[in-house]
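The lines below spell out each chain.
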Amino acid sequence: MNYITLRDTVVEIDLDKMAYNMRKIRKMVGDSVAIAAVVKANGYGCGALDIAPTIMENGADYLAVATLSEALELKRRYRDYSIFIMGYTPDDQLKYIVENDITQTIFSLRQAKLLNDLGILSCKKPKVHIKYDTGFNRLGFIDCDESISEIHEIFKLKNLNVEGIFSHFALTSPEEDERQYRKFIKAVNKIESLGWSFKYKHICDSIATVDYPQYRLNMIRPGAIIYGLKSYENERIHFKQVITFKSKVYFIKKIKKGEGISYNYLWRAERDSVIGTIPFGYADGYPRNMRGKGYVLVKGMKAPIVGVICMDQCMVDLTDIEDVKEGDEVIIYGDGTNDALDVQAISELADTNKNEIMCRITRRTPRVYIKDGKVVKVLDYSLDSSIEDKSEI
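What you are looking at is a predicted structure, and each value in this text was computed from that prediction instead of being measured.

### A closer look at the environment of Tyr227
Line of reasoning, step 1. With respect to the element layout, Tyr227 can be found in the loop between β9 (219-220) and β10 (243-248).
Line of reasoning, step 2. Residue Tyr227 is classed as buried on the basis of its relative accessible area, which comes to 0%.
Line of reasoning, step 3. When the C-alpha atoms of Tyr227 and Ile243 are compared, they prove to be 7.7 Å apart, with 16 residues separating the residues in sequence.

Below, the structure is given as structure tokens:
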């Protein structure tokens with residue numbers, strides 16, 4: 001697949017696979033359950049602005065983010081998309097929530113009153129979702145009668161649309177998850193017994209959406225499964241990984257037995273060897289601790305990473321791969337087929353989780369968007385523009 005970039009190291013995002021994943025989520029939960037698709041952290045590294053249309057056009061009702069800046073970035077391009085901030089927004093920035101018709105998470109009567117007052121000044125009725133803490137102990141109203149009373153007071157505010165209420169599983173065990181769910185439902189029932197109702201109730205992220213269909217209520221917040229990442233237990237449901245991390249060999253040299261590679265010579269050749277240098281490193285988001293564990297594919301064969309991984313470059317052992325030339329394609333990680341490491345395998349080797357591997361991909365690495373088997377956009381954040389095809393995705 002040919003395209004122009006200013007770097008040989010790129011991330012390809014397959015929008016057809018993303019559309020497949022979204023349609024599968026929609027089919028799995030049915031039309032009665034709303035989907036708040038999580039695109040925080042720049043769409044898990046895929047580029048939130050450029051994947052948003054694919055996600056919205058294939059079943060999402062909301063785009064969910066973590067911060068005001070993420071919400072505003074999306075709103076500036078897609079005014080009609082419903083955007084939900086799942087995290088905290090400081091008091092002095094709430095005016096942007098109201099001005100841009102963004103749905104905000106709240107977990108205090110004080111902030112609810114501030115939004116209500118801003119709504120009066122703007123002749124608007126801001127939408128909010130109540131965050132209720134059932135044991136994750138991060139954000140949310142503490143589970144107690146005093147919180148129920150405060151939520152009751154929030155509903156009394158005339159210029160506030162209390163659209164939803166949600167919580168978050170700790171995902172410790174099925175027993176603990178059930179305890180959290182029951183705690184959440186008990187709190188919701190108490191609030192509704194006071195004469196109020198919620199349009200949306202939600203507690204399921206990707207894992208819970210797949211493993212606990214009984215807890216889906218009428219909204220879910222899938223994130224990882226949109227990008228084809230698996231942490232859930234159900235082995236019968238499969239999604240497609242949307243990204244492939246690629247580069248090229250750009251220097252080849254022969255070294256003698258005993259010679260060292262990279263910082264501190266932590267790797268020394270046990271035989272005469274052929275070493276390839278590839279222009280990717282930890283500044284592109286590749287875990288530095290993959291030294292001695294990871295490999296890339298060159299000409300369909302495994303090339304072990306040797307020496308300390310540098311900020312911008314990485315060395316691999318090409319000794320057992322015939323006829324490698326400078327400019328040959330390198331698969332840093334793919335979808336797990338044909339011996340390529342996928343995000344799951346990389347995360348296990350790096351002793352972290354899949355979401356972190358995705359989010360590590362930095363903005364200096366160009367994104368290449370593929371749709372209908374063709375490149376539709378090459379995005380280089382350093383140029384803040386497409387440098388090839390400016391067609392809309």
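### What to know about the sheet that holds strand β2 (residues 34-38)
Strands in a sheet are paired, the pairing made by backbone hydrogen bonds, and the direction either parallel or antiparallel.
Line of reasoning, step 1. Read around the barrel, 8 strands follow the order β2-β3-β4-β5-β6-β7-β8-β9 and close on themselves; strand pairing throughout is parallel.
Line of reasoning, step 2. In this sheet, strand β8 (residues 200-204) lies alongside strand β7 (residues 161-166) in parallel orientation, the contact comprising 3 bridges. The residue of β8 that forms the bridge with Phe166 is His202.
Line of reasoning, step 3. Strand contacts of helix α6 (residues 109-122): β5 (103-106) and β6 (127-131), with the helix running at about 155° to β5, the strand carrying the most contacts.

### As for unusual backbone geometry
Line of reasoning, step 1. One non-glycine residue, Tyr265, adopts positive backbone phi at about 50°.
Line of reasoning, step 2. Note that Tyr265 resides in the loop between β12 (260-261) and β13 (267-268).
Line of reasoning, step 3. The exposure class of Tyr265 is partly exposed, given its relative accessible area of 46%.
Line of reasoning, step 4. Although it is not a glycine, Asp339 sits at a positive phi angle of roughly 75°.
Line of reasoning, step 5. Within the secondary structure layout, Asp339 lies in the loop between β18 (329-333) and α10 (343-349).

Definitions and limits used
- Positions within a chain are numbered from 1, following the residues in the order the chain's sequence is written.
- Local features in this predicted model are restricted to residues whose pLDDT is 70 or higher, and side-chain atom pairs enter the listing and the counts only when it is 80 or higher, whereas totals over whole chains, interfaces and linings include all residues.
- Water and hydrogen atoms play no part in the side-chain values, which are based on all heavy atoms of the structure.
- Helix and strand assignments come from DSSP, with helices taken as H or I runs of at least 4 residues and strands as E runs of at least 2, each series counted from the N terminus.
- Only protein chains enter the accessibility calculation, which uses a 1.4 Å probe; a residue whose area is less than 20% of its type maximum is buried, one above 50% is exposed, and one in between is partly exposed.
- Strand pairing follows a simple DSSP-based rule, namely that at least 2 bridges must link the two strands.
- Contacts between residues were defined by any pair of non-hydrogen atoms, one from each residue, lying within 4.5 Å.
- Axis definition: a line fitted to C-alpha atoms, limited for helices to the stretch in contact. Angles are taken between N-to-C directions and run from 0 to 180 degrees.

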